[in-house]
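# Summary of structural features
Residues per chain, in single letters:
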Amino acid sequence: MSKAPTFREIVTSIRKKSLSNVYLLMGDEPYYLDKIVEALEENVIAEEYRDFNSTTFYGAEVKPDIVIGTAQQLPMMSERQLVILKEAQAMQNAKSSLEKFAPYLEHPNPQTILAIVYKGDNLNATSRLMKVASKSGAIVFKSPKLREYQLAAPIKEYCTERKVTIDDRAIEMLGEYIGTSLEALSGAIDKIIIAKGSSSSRIHPEDVAANIGLSKEYNSFELVSAIGSKNHLKAQMVLRYFRQNPKQNPMVVVSSQLFNYFSKIVIAHLTKDKSDTALMAATGTTNAYAFKQLRKSMQLFNFRQAMQAIGAIRDFDARSKGIGSTMNEQGLLSELVFTLFTCTG
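The rules behind these values
- Residues numbered from 1 in each chain as written.
- Predicted model: local features only at pLDDT ≥ 70, side-chain atom pairs only at ≥ 80, totals over all residues.
- Heavy atoms only, no water.
- Buried < 20%, exposed > 50% of the residue type's maximum accessible area, 1.4 Å probe, protein only.
- Helix = DSSP H or I, 4+ residues; strand = E, 2+ residues; numbered from the N terminus.
- Pairing = 2+ DSSP bridges.
- 1 Å grid on protein atoms, 1.4 Å probe; cavity = no way out; pocket = protein on both sides within 12 Å on 5 of 7 lines; lining within 4 Å.
- Points joined across faces, edges and corners; volume = space filled by probe spheres on them.
- Nonpolar A, V, L, I, M, F, W, Y, C, P; charged D, E, K, R; others polar.
- Salt bridge = Lys/Arg side-chain N within 4 Å of Asp/Glu carboxyl O.
- Axes fitted to C-alpha atoms, helices over the stretch in contact; angles between N-to-C directions.
- Core = buried A, V, L, I, M, F, W, Y, C linked by side-chain atoms within 4.5 Å.
- Contact = heavy atoms within 4.5 Å.

## Things to note about the pairing of strand S4 (residues 112-119)
- Among the eight residues of S4, eight are classified as buried, and the element is accordingly described as predominantly covered.
- When strand S1 (residues 22-27) meets S4, the two strands line up parallel, connected through six bridges. Paired with Leu25 across the two strands is Val117, which belongs to S4.

Right, here's the structure in full:
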């Protein structure tokens with residue numbers, strides 16, 4: 001089985017007019033899907049012929065037969081036509097409706113470029129449509145939602161396109177402030193560039209702080225992650241979000257997750273066999289990414305520091321329930337986070 005083309009390979013081939021007759025674009029990250037469609041719209045049909053040979057449908061407003069019928073037509077005064085079905089996930093019974101495109105993919109019109117865009121999920125690999133697409137040479141592109149540690153490359157690439165450079169710390173801050181949506185991140189970068197004007201061709205951390213407000217939604221899992229990796233900036237962002245949305249993250253849940261995490265660190269330190277297999281079994285950690293973070297936390301918190309943290313969490317839990325303290329929960333949580341970052345063991 002041939003390797004699926006990357007986003008960059010697809011866009012480059014479109015710009016070079018090396019085209020497939022069918023593009024199936026799907027996934028949770030809409031940014032790449034929109035960029036591929038944009039490349040098709042700008043490069044497939046010459047501008048003077050687009051009114052007659054470029055047709056865009058939207059899933060909520062059209063049935064498969066209409067799209068297929070249009071794709072089967074011949075272009076007018078042009079060597080090809082472009083037919084795009086956007087928001088295919090909005091069609092009635094979308095996945096079953098899209099199966100109707102399978103016979104077309106078996107014998108596509110050689111003078112039509114058809115693009116189907118399905119956002120928010122992937123089509124079933126065992127469906128007839130996907131099987132036919134694989135055999136017919138259609139371009140199939142899946143766009144997964146990115147994790148924070150994967151953001152650096154696409155952010156730098158976007159900045160290069162906008163003819164600016166960016167500090168690594170600024171990239172980290174964008175991830176903390178905005179989240180992992182590439183569409184939101186590109187919008188934030190554009191906002192910074194406009195605000196800076198021609199004053200500089202490099203984005204610095206202070207530019208992010210000055211121009212981008214907090215928009216990401218945080219939860220207790222991300223607070224645990226921030227503390228476990230001693231990421232002070234992220235921890236402060238989470239605390240700020242908690243203060244603004246006090247009902248969304250109950251303190252009993254926060255203290256429970258922190259207690260469980262530091263208990264795993266203690267167990268890991270006490271486990272004689274420090275191999276990955278043994279530590280994963282001892283701590284009950286099955287996710288590879290979560291285990292990588294636990295390994296990092298073991299380096300940042302020795303056994304004594306982890307035990308000190310557990311004591312502080314127990315004290316926080318009691319005080320947040322009104323035992324021996326009149327401080328509000330958010331104040332207690334800020335105090336706990338400070339203590340966890342400064343454990344000396």
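## Regarding the layout of surface pockets
- Each pocket or cavity is described by its volume, and for the largest pocket that value is around 1300 Å³.
- What lines the largest pocket is a set of 37 residues, and nearest its centre among them are Glu148, Ser225, Lys234, Tyr289 and Gln293.
- Elements with a contribution of two residues or more to the lining of the largest pocket: helix H9 (168-178), helix H12 (220-228), helix H14 (251-270) and helix H16 (288-300).
- A breakdown of the residues in the lining of the largest pocket according to their chemical character gives twelve nonpolar, 13 polar and twelve charged.

## Digging into the pattern of salt bridges
- Scanning all chains against the criterion turns up 20 salt bridges.
- Two residues, Lys86 and Glu41, come together in a salt bridge whose shortest N-O distance is 3.2 Å. In this pair, Lys86 is assigned in strand S3 (residues 81-86) and Glu41 in helix H2 (residues 30-43), connecting sequence segments 45 residues apart.
- Using a relative accessible area of 29% as the deciding quantity, one classes Glu41 as partly exposed.
- Several salt bridges converge on common partners, so that one network encompasses Arg8, Glu157 and Glu161.

## Overview of the sheet that holds S1
- Taken in spatial order, the five strands line up as S2-S3-S4-S1-S5 in an open sheet, and their pairing is parallel. Strand pairing shows two members of the sheet lacking a second neighbour, strand S2 (54-58) and strand S5 (139-143), which therefore form its edges. When the angles between neighbouring strand axes are averaged without regard to direction, this sheet yields 10 degrees.
- Pairing analysis gives five bridges linking S2 to S3, with the strands arranged parallel. Note that in S3 the partner of Thr56 across the bridge is Ile84.

## Structural notes on the nonpolar core
- One finds Leu174, Ile203, Phe262 and Leu333 to be the most contacted residues of the largest nonpolar core, which totals 83 residues.
- Broken down by element, this core gets its largest block of residues, eight residues, from H14.
- Among all residues touching Leu174, those that are not within four sequence positions of it are Ile155, Ile166, Gly179, Leu185, Ala188, Ile189, Ile192, Val208 and Ile212.
- Grouped together as the second largest cluster of nonpolar side chains are 28 residues, Leu85, Phe101, Leu105 and Leu123 included.

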